[in-house]
Amino acid sequence: MIIKSKAVSGTMESNDIFVEIEPSQKGIEVEVQSIVFNQFGKQIEDTVKDVLNSFDVDNALVRVNDRGAVDCTIRARVETALKRAANEVK
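Residues numbered from 1 in each chain as written. Predicted model: local features only at pLDDT ≥ 70, side-chain atom pairs only at ≥ 80, totals over all residues. Heavy atoms only, no water.

**As for the packing of helix 1 (residues 37–54) against helix 2 (residues 71–85)**
Argument step 1. Across the interface, helix 1 lies against helix 2 with an axial gap of 9 Å and an inter-helix angle of 45°. As judged from the angle between their axes, helix 1 and helix 2 are oblique. Along this stretch, helix 1 crosses helix 2, giving a crossing that reads as right-handed. Of helix 2, the residues touching helix 1 (which contributes Ile44, Thr47, Val48, Asp50, Val51 and Leu52) are Asp71, Ile74, Arg75, Val78, Glu79 and Leu82.
Argument step 2. Residue classes in the contact of helix 1 with helix 2 are distributed as 7 nonpolar, 1 polar and 4 charged. (Axes fitted to C-alpha atoms, helices over the stretch in contact; angles between N-to-C directions. Helix = DSSP H or I, 4+ residues; strand = E, 2+ residues; numbered from the N terminus. Parallel < 35°, antiparallel > 145°, perpendicular 65-115°, else oblique. Left-handed = near helix turned anticlockwise from the far one by under 90°. Contact = heavy atoms within 4.5 Å. Nonpolar A, V, L, I, M, F, W, Y, C, P; charged D, E, K, R; others polar.)

**Some details on the side chain of aspartate 66**
Argument step 1. Counting through the fold element by element, aspartate 66 comes out in strand 4 (residues 60–66).
Argument step 2. Nearest to the buried, unbridged aspartate 66 among oppositely charged side chains is arginine 67, at 7.8 Å.
Argument step 3. Not counting the four nearest positions on each side in its chain, aspartate 66 is found in contact with Asp16, Ile17, Gln33, Ser34, Ile35, Val36 and Ile44. (Buried < 20%, exposed > 50% of the residue type's maximum accessible area, 1.4 Å probe, protein only. Lys, Arg positive; Asp, Glu negative; His and termini not counted. Salt bridge = Lys/Arg side-chain N within 4 Å of Asp/Glu carboxyl O.)

**Structural notes on the pairing of strand 4**
Argument step 1. The element strand 4 is largely enclosed, with a buried count of 5 among its 7 residues.
Argument step 2. Pairing of strand 2 (residues 17–22) with strand 4, which is carried by 6 bridges, proceeds in the antiparallel orientation. Bridge assignment links isoleucine 21 to a residue of strand 4, and that residue is valine 62.
Argument step 3. Relative to strand 4, strand 3 (residues 28–34) runs parallel, the two being bridged by 7 bridges. Each bridged residue has a counterpart across the sheet, and for glutamine 33 the counterpart in strand 4 is asparagine 65.
Argument step 4. Regarding the hand of the β-α-β motif, the stretch spanning strand 3, helix 1 and strand 4 is left-handed. (Pairing = 2+ DSSP bridges. Right-handed = clockwise from strand over helix to strand, strands pointing away.)

**A short note on the sheet that holds strand 4**
Argument step 1. Pairing within the open sheet is mixed, and its 4 strands lie in the order 1-2-4-3. Looking along the sheet, the strands with just one partner apiece sit at the ends: strand 1 (7–9) and strand 3. Strand-to-strand twist in this sheet, taken as the mean axis angle between neighbours without regard to direction, amounts to 15°.
Argument step 2. Both strand 1 and strand 2 contribute to a ladder of 3 bridges, which runs antiparallel.

**Considering helix 1**
Argument step 1. An ideal rise of 1.5 Å per residue puts 26 Å on 18 residues; helix 1 measures up with 24 Å between its terminal C-alpha atoms.
Argument step 2. Considered for burial, the residues of helix 1 that qualify are Gly41, Ile44, Thr47, Val48, Val51 and Leu52.
Argument step 3. Its buried side turned inward, helix 1 meets strand 2, strand 3, strand 4 and helix 2.
Argument step 4. Aspartate 56 sits one or two positions beyond helix 1 and adopts a positive phi of about 55°. (Expected span 1.5 Å × (residues − 1).)

Right, here's the structure in full:
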């Protein structure tokens with residue numbers, strides 16, 4: 001999947017995650033901010049990268065601001081932002 005434009009998904013509400021994706025020429029870059037970063041920062045990053053890999057994304061800058069989201073929410077928000085960034089969904 002090719003990231004064509006900047007896109008976002010999610011909210012800053014409790015138990016949600018805000019995901020921002022934009023095109024990049026530097027491979028996969030993931031920036032994580034989280035209220036539970038010390039406990040789950042690496043797992044959040046790994047989940048984001050897993051979703052990117054499942055959609056064959058080679059170049060993207062992904063910024064996430066987590067407010068305590070569970071794994072399935074993280075995956076859904078990243079997938080939605082990816083599809084929006086690839087202009088597959090509005």
